[in-house]
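# Structural features, examined
Here is what each chain is made of, one letter per residue.
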Amino acid sequence: MAYATVQDCIDRRGEESLRELADDPHADALAWDALERALEDASDEIDAYVGARHDLPLDPAPRILVRLCVEIGVYLAAADADQGTDERRRRYEGAIGLLRDIREGRASLGAADPDPPAEAEAPVVQVESFPRVMTRDSLRGML
């Protein structure tokens with residue numbers, strides 16, 4: 001199951017900006033099968049990152065995953081349709097960066113985070129050295 005729908009993409013990006021990603025951009029009724037497949041692929045990519053830290057499936061999905069799924073899905077669909085742009089690539093890279101932060105525990109899934117990151121313990125530092133060479137007893141008689 002995808003974290004986002006075609007309607008989520010339309011709501012966030014507008015139908016006109018997504019028209020070139022439709023199966024037939026010149027048809028009256030747009031067929032969004034390619035975008036739906038891209039959203040499924042985006043959801044799989046999200047699970048690959050989030051699944052390293054959280055139990056899957058996330059149900060209900062946190063809202064942030066809807067946004068990330070839209071960004072990744074639009075990028076993947078655009079790449080398949082040879083409609084990639086620098087803006088789409090930047091949005092994709094930003095989404096992947098946030099997913100990496102979630103995986104590493106530097107970011108959370110929000111209030112609905114099913115598994116908050118554990119607090120890191122401060123490392124313990126130990127210093128060990130050799131015994132003193134110059135002591136009062138070893139230097140006695142030198143002066």
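Residues numbered from 1 in each chain as written. Predicted model: local features only at pLDDT ≥ 70, side-chain atom pairs only at ≥ 80, totals over all residues. Heavy atoms only, no water.

### As for the overall build of the chain
Threshold: Secondary structure follows DSSP: runs of H or I at least 4 residues long count as helices, runs of E at least 2 residues long count as strands, and numbering of each begins at the N terminus. Only protein chains enter the accessibility calculation, which uses a 1.4 Å probe; a residue whose area is less than 20% of its type maximum is buried, one above 50% is exposed, and one in between is partly exposed. For accessible areas, the Shrake-Rupley method is used with a probe of radius 1.4 Å. Any residue's cover is judged against the shown protein chains and nothing else.
In terms of helices and strands, the chain carries 6 helices and 0 strands. Mapped in sequence order, the helices and strands of the chain form the string α-α-α-α-α-α. By residue count, 31% of the 143 residues in the chain fall in the buried class. Roughly 9900 Å² of accessible area belongs to the chain as shown, and the carbon and sulfur atoms make up 48% of that amount.

### What about a nonpolar patch on the surface?
Heads up, the rule is: Residues enter a patch when their relative accessible area is above 30% and they make no salt bridge; the linking distance is 9 Å between like charges and 5 Å between nonpolar side chains (Val, Leu, Ile, Met, Phe, Trp, Tyr). Every case where a carboxyl oxygen of Asp or Glu lies within 4 Å of a side-chain nitrogen of Lys or Arg is listed as a salt bridge.
A cluster of nonpolar residues, Val-133, Met-134, Leu-139 and Met-142, forms a patch on the protein surface that exposes about 470 Å² of accessible area. Within the fold, Leu-139 resides in helix H6 (residues 136-139).

### Brief notes about the pattern of salt bridges
Inspection of the entire model under this criterion finds 12 salt bridges. Here Glu-71 ties to Arg-13 by a salt bridge, and the two come within 2.3 Å at their closest N and O atoms. Here the residue Glu-71 occupies a position in helix H4 (residues 63-80), and Arg-13 occupies one in helix H1 (residues 6-13), the gap between them amounting to 58 residues. Like Glu-71, the residue Arg-13 is buried in the burial classification. Counted as one network, the salt bridges with shared partners bring together Arg-13, Glu-71, Glu-87, Arg-90 and Arg-91.

### Let's talk about a negative patch on the surface
Keep this limit in mind: Neither His nor the chain ends is counted toward charge; the positive residues are Lys and Arg and the negative residues Asp and Glu. Charge positions are represented by NZ for Lys, CZ for Arg, CG for Asp and CD for Glu.
On the surface, a cluster of negative charge is contributed by Asp-23, Asp-24, Asp-33, Glu-36, Glu-40, Asp-41, Asp-44, Asp-80 and Asp-82. No other element matches the 5 residues that helix H3 (residues 33-50) contributes to the negative patch. On the secondary structure map, Asp-41 appears in helix H3. We classify Asp-41 as partly exposed; its relative accessible area is 43%.

### Digging into the side chain of Ser-43
What counts here: Should any heavy atoms of two residues lie within 4.5 Å, those residues are counted as being in contact.
In this fold, Ser-43 is placed in helix H3. In contact with Ser-43, other than residues within four places in its own chain, are Met-1, Ala-2, Tyr-3 and Cys-69.

### Describing the side chain of Glu-45
Counting through the fold element by element, Glu-45 comes out in helix H3. In this structure Glu-45 is buried but unpaired, with Arg-100 as the nearest side chain of opposite charge at 7.6 Å. Setting aside residues up to four positions removed in sequence, Glu-45 forms contacts with Ile-72, Leu-76, Tyr-92 and Ile-96.

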